[in-house]
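Residue strings, one per chain:
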Amino acid sequence: MLDKDGIARRIAKEIKDGYYVNLGIGIPTLVANYIPEDTHVVLQSENGLLGMGPFPYEGEEDSDLINAGKQTITMLPGSAVFDSAMSFGMIRAQKVDLTILGAMEVSEYGDIANWKIPGKLVKGMGGAMDLVASAKNIIVAMQQVSKSGDSKLLRNCTLPLTGIRCIRKVVTEMAVFEIDIENGGFQLIERAPGVSVNEIRNATAGRFSAADNVPEMQLGG
């Protein structure tokens, strides 16, 4: 099965030349490290930055340069810094081509829960509400199975929702799924190297379908 970097590497293959891309908190932040050098994209951080680069090397961090998850980052030549109003204006106007989010649960209809676990203190939903309501294209990067062995790909989310019928593709440590948000269901389109279709089916609580021959992911370098 894939580790978090493996998930990020697979998602990086979804990024096309010329895209403006928003990276959410968690696994999505790792995607910046795996974008091919010949793919020219602009990464947006919702706290007010266009032109975000990869994580800095140890000892080269600048505490004034952070992403939405408060991790230190780098800026590429030509980057722009602006306030949150401008940042969310871009998001709400659908200027972002691809949004990559983490999630705690996803339902078979494309609902997503990624901001709150009841009983735990959180500061608020943050930018996720705007992203799922406005983004044209959202991919979720997540662990498919919890530490207790329970699936996070469900018939219906049990945690407070961030958005409904908005997720069409999910990449996990086990597989890549497309979601039928009209009729409901996780369609398996790729599996992690060495992981069988039956293993993936058993780790999916929502409705599951797969073709006769599901290819393995090609992760590249």
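Up top is the structure these notes are about.
Rules used throughout
- Residues numbered from 1 in each chain as written.
- Predicted model: local features only at pLDDT ≥ 70, side-chain atom pairs only at ≥ 80, totals over all residues.
- Heavy atoms only, no water.
- 1 Å grid on protein atoms, 1.4 Å probe; cavity = no way out; pocket = protein on both sides within 12 Å on 5 of 7 lines; lining within 4 Å.
- Points joined across faces, edges and corners; volume = space filled by probe spheres on them.
- Core = buried A, V, L, I, M, F, W, Y, C linked by side-chain atoms within 4.5 Å.
- Buried < 20%, exposed > 50% of the residue type's maximum accessible area, 1.4 Å probe, protein only.
- Contact = heavy atoms within 4.5 Å.
- Helix = DSSP H or I, 4+ residues; strand = E, 2+ residues; numbered from the N terminus.
- Arc of directions from axis to C-beta.
- Nonpolar A, V, L, I, M, F, W, Y, C, P; charged D, E, K, R; others polar.
- Salt bridge = Lys/Arg side-chain N within 4 Å of Asp/Glu carboxyl O.
- Pairing = 2+ DSSP bridges.
- Phe/Tyr/Trp six-rings, centres within 6.5 Å; stacked < 30°, edge-to-face > 60°.

Draft legend 1. Expanded view of the layout of surface pockets. Taken as a whole, the second largest pocket spans an internal volume of roughly 230 Å³. As for the second largest pocket, its lining consists of Ala32, Asn33, Ile35, Pro36, Glu37, Thr39, Val41, Leu43, Met52, Gly53, Pro54 and Leu76.

Draft legend 2. Main features of the nonpolar core. Ile15, Val31 and Val106 are the most contacted members of the largest nonpolar core, which totals 56 residues. Ignoring any residue separated from it by four or fewer positions in sequence, one finds Val31 in contact with Ala8, Ile11, Ala12, Ile15, Leu23 and Ile100.

Draft legend 3. Region of the structure containing helix H2 (residues 84-92). All of the buried residues in H2 are Ser87, Phe88, Met90 and Ile91. On an axial view of H2, the arc spanned by its buried residues comes to 150°, and they lie on one face. Structural note: H2 exposes Ala85 and Arg92 on the side pointing more than 90 degrees away from its buried face. Residues of H2 that are buried in the fold lie against strand E1 (20-23), strand E2 (42-45), strand E3 (49-52) and helix H3 (128-134). Positive backbone phi, at 60°, marks Gln94, one or two positions downstream of H2.

Draft legend 4. The arrangement of empty space enclosed by the protein in detail. Applying the stated criterion across every chain yields a total of one cavity of 30 Å³ or more. Of the voids in this model, the largest cavity is the one considered here, and its volume is about 80 Å³. Every residue lining the largest cavity is counted, 14 residues in all, and those nearest its centre are Leu23, Thr29, Met52, Asn67 and Ile73. Along the lines of polarity and charge, the residues of the lining of the largest cavity split into eight nonpolar, six polar and no charged.

Draft legend 5. Structural detail: the pattern of salt bridges. According to the stated counting rule, one finds eight salt bridges in the structure shown. Between Glu14 and Arg10 there is a salt bridge, with the nearest N and O atoms lying 2.9 Å from each other. Here Glu14 matches Arg10 in class, with each residue buried. Between Arg10 and Glu190 there is a salt bridge, with its nearest N and O atoms 2.9 Å apart. With Arg10 in helix H1 (residues 4-12) and Glu190 in strand E12 (residues 186-191), this residue pair connects regions lying 180 residues apart in the sequence. We note that Arg10, like Glu190, is buried.

Draft legend 6. Highlighting the environment of Pro77. Structurally, Pro77 is set in strand E4 (residues 75-81). We classify Pro77 as exposed; its relative accessible area is 84%. For Pro77 and Val145, which are 68 residues apart along the polypeptide, the C-alpha to C-alpha distance reads 39 Å.

Draft legend 7. Expanded view of H1. Those residues of H1 not exposed but buried are Gly6, Ile7, Ala8, Arg10, Ile11 and Ala12. Taken together, the buried residues of H1 touch strand E5 (98-102), strand E8 (138-141), strand E10 (169-171), strand E11 (175-179) and E12.

Draft legend 8. View of unusual backbone geometry. Of note, the phi angle at Lys70 is positive, near 65°, even though the residue is not glycine. Along the chain, Lys70 falls in the loop between E3 and E4. Its identity is not glycine, yet Arg165 carries a phi of approximately 45°, on the positive side. Relative to the helices and strands, Arg165 is located in the loop between strand E9 (153-154) and E10.

Draft legend 9. Just the pairing of E8, in detail. In E8, alternate side chains face the same way, and those of Ile138 and Val140 on one face and Ile139 and Ala141 on the other are all buried. The sheet contact formed by E5 and E8 spans four bridges and is parallel. Opposite Gly102, over in E8, you have Ala141 as the bridge partner. Across three bridges, E8 lies against E10 in parallel orientation.

Draft legend 10. Just the packing of aromatic side chains, in detail. Tallied over the full model, the rule gives two aromatic pairs. Arranged with centres 5.8 Å apart and planes meeting at 75°, the rings of Phe177 and Phe186 form a pair that is edge-to-face. In this structure Phe177 comes out as buried when scored by relative accessible area, which is 0%. Taken together, the ring pairs in this structure connect Phe177, Phe186 and Phe208 into an aromatic cluster.

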